[in-house]
Amino acid sequence: MTSATPTTDRPFGLVVLDMAGTTVADGGLVEQAFSAAARRLGVQPGSEEHARQLAYVRATMGESKISVFRHLFATEDQARYANTAFEEAYGELVDGGSVAPLPGAREAVERLTAEGRTVVLTTGFARVTQDAILAALGWQDLVPLTLCPADAGGRGRPHPDMVLAAFLRTAAVDDVRRIAVAGDTSYDMLSGVRSGAGIVAGVLTGAHDRERLTRHGATHVLGSVAELPDLIARAEA
């Protein structure tokens, strides 16, 4: 959806939501897909190297996956090979029915939309994986815009690029302070803070705990994204 003027007079007219861990439960598929990708590069589960790499994957949940693989492997070719293998493995797991909406997530998106807000879904996965998740959930038409790192110049979280791409491409608000961001990782929080969003809400349904979310800039910490519409309503009161 594109507009030359803001589409709503609500103070928080643009809401940017992470997917896995925030609106979507994937049952640990990231770790499973990572192990499959690492195995293709000779890193065997149970080895010290696998444990070291898996610890890094857990610590950087929310970051663009190609960036994670660039850190873990020595060359760009290895990183790209691992990223492709990861996306293939994750897609197969998604097709197997291993993803589901987190409780109240769809209802929260529908309420926010009914209130005149524009909701955008973002991810650190590649577009093919994001589309597979949306299809598995039946969410292809749930929101007007979904973004992956490639849609924002290639830089994923913790950079603010996807939030700012949502701001520019929807024209839903005329001030970044009228953006609300929600996610489950420290990288989501950093991305929201760096974008200038007025609300940067951490949720406790995913990778990181309250202390870590707060330390990386969360303005609020919620039990789940289902609480976000009420938080926004209180902020506007």
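Residues numbered from 1 in each chain as written. Predicted model: local features only at pLDDT ≥ 70, side-chain atom pairs only at ≥ 80, totals over all residues. Heavy atoms only, no water.

Once that is clear, we can look at the sheet that holds strand β8 (residues 220-222). The strand order across the open sheet built from six strands is β5-β4-β1-β6-β7-β8, with neighbouring strands paired in parallel fashion. Each edge of the open sheet carries a strand with a single partner, namely β5 (145-147) and β8. The mean angle between the axes of side-by-side strands here comes to 25°, regardless of whether they run parallel or antiparallel. Where strand β7 (residues 199-203) and β8 come together, three bridges link them in parallel fashion. When the bridges of β8 are listed, V203 appears paired with L222. Against the sheet, helix α7 (residues 161-170) touches β1 (14-18), β4 (118-122), β5 and β6 (179-183), its axis set at about 155° to β5. Along the sheet face, helix α10 (residues 228-236) touches β1, β6, β7 and β8 and points at about 150° away from the line of β7. (Pairing = 2+ DSSP bridges. Helix = DSSP H or I, 4+ residues; strand = E, 2+ residues; numbered from the N terminus. Axes fitted to C-alpha atoms, helices over the stretch in contact; angles between N-to-C directions. Contact = heavy atoms within 4.5 Å.)

The volume enclosed by the largest pocket comes to roughly 300 Å³. Taken together, 23 residues line the largest pocket, and the ones lying closest to its centre are A20, G21, D26, M61 and D184. Sort the elements by how many residues they give to the lining of the largest pocket and helix α1 (residues 29-40) lands first, with three residues. For the lining of the largest pocket, the residue count by class is nine nonpolar, eight polar and six charged. (1 Å grid on protein atoms, 1.4 Å probe; cavity = no way out; pocket = protein on both sides within 12 Å on 5 of 7 lines; lining within 4 Å. Points joined across faces, edges and corners; volume = space filled by probe spheres on them. Nonpolar A, V, L, I, M, F, W, Y, C, P; charged D, E, K, R; others polar.)

The next subject is empty space enclosed by the protein. By rolling a water-sized probe across the atoms, one finds the places where empty space is left. The full count for this structure, using the stated rule, is one cavity of 30 Å³ or more. Estimates place the volume of the largest cavity at around 50 Å³. Lining the largest cavity are V16, L17, D18, T122, R157, V163, V181, A182, D188 and S191. Where the lining of the largest cavity is concerned, the elements lending two or more residues are β1, β6 and α8 (186-195). Grouping the constituent residues of the lining of the largest cavity by class yields five nonpolar, two polar and three charged.

What follows concerns unusual backbone geometry. With an omega dihedral of 15°, the bond running from R157 to P158 counts as a cis peptide bond. Note that P158 resides in the loop between β5 and α7. One non-glycine residue, A171, adopts positive backbone phi at about 50°. Relative to the helices and strands, A171 resides in the loop between α7 and β6. According to the relative accessible area criterion, A171 is buried, its value standing at 15%. (Buried < 20%, exposed > 50% of the residue type's maximum accessible area, 1.4 Å probe, protein only.)

Attention now goes to the pairing of β1. A large share of β1 lies buried, amounting to five of its five residues. Where burial is concerned, the two faces of β1 agree: the one with L14, V16 and D18 and the one with V15 and L17 are both buried. As judged from the five bridges shared by β1 and β4, these two strands associate in the parallel manner. Each bridged residue has a counterpart across the sheet, and for L14 the counterpart in β4 is T118. Pairing between β1 and β6: four bridges, direction parallel.

Examined against the element boundaries, E88 turns out to sit in helix α4 (residues 76-95). Residues E88 and A171 lie 83 residues apart in sequence; the distance between their C-alpha atoms is 34 Å. At 3.1 Å, the side chain of E88 and the side chain of R40 are in polar contact. (Polar contact = N/O pair within 3.5 Å; in protein donor to acceptor, adjacent residues only side chain to side chain.)

Next up on the list: the environment of W139. Mapped onto the elements of the fold, W139 is located in the loop between α6 (127-137) and β5. Under the relative-accessibility criterion, W139 is labelled buried at 1%. W139 sits 35 residues away from G104 along the chain, and the two C-alpha atoms are 14 Å apart. With near-sequence residues (within four places) excluded, W139 lies in contact with T23, V24, P101, A105, R106, L121 and L134.

Looking now at the pairing of β4. Within a regular strand, the side chains alternate between the two sheet faces. By the criterion of burial, β4 is predominantly enclosed, with five of the five residues buried. The alternating pattern of β4 places T118, V120 and T122 and V119 and L121 on opposite faces, both of which are buried. Pairing of β4 with β5, which is carried by three bridges, proceeds in the parallel orientation. Counterpart to L121 in the pairing with β5 is T146.

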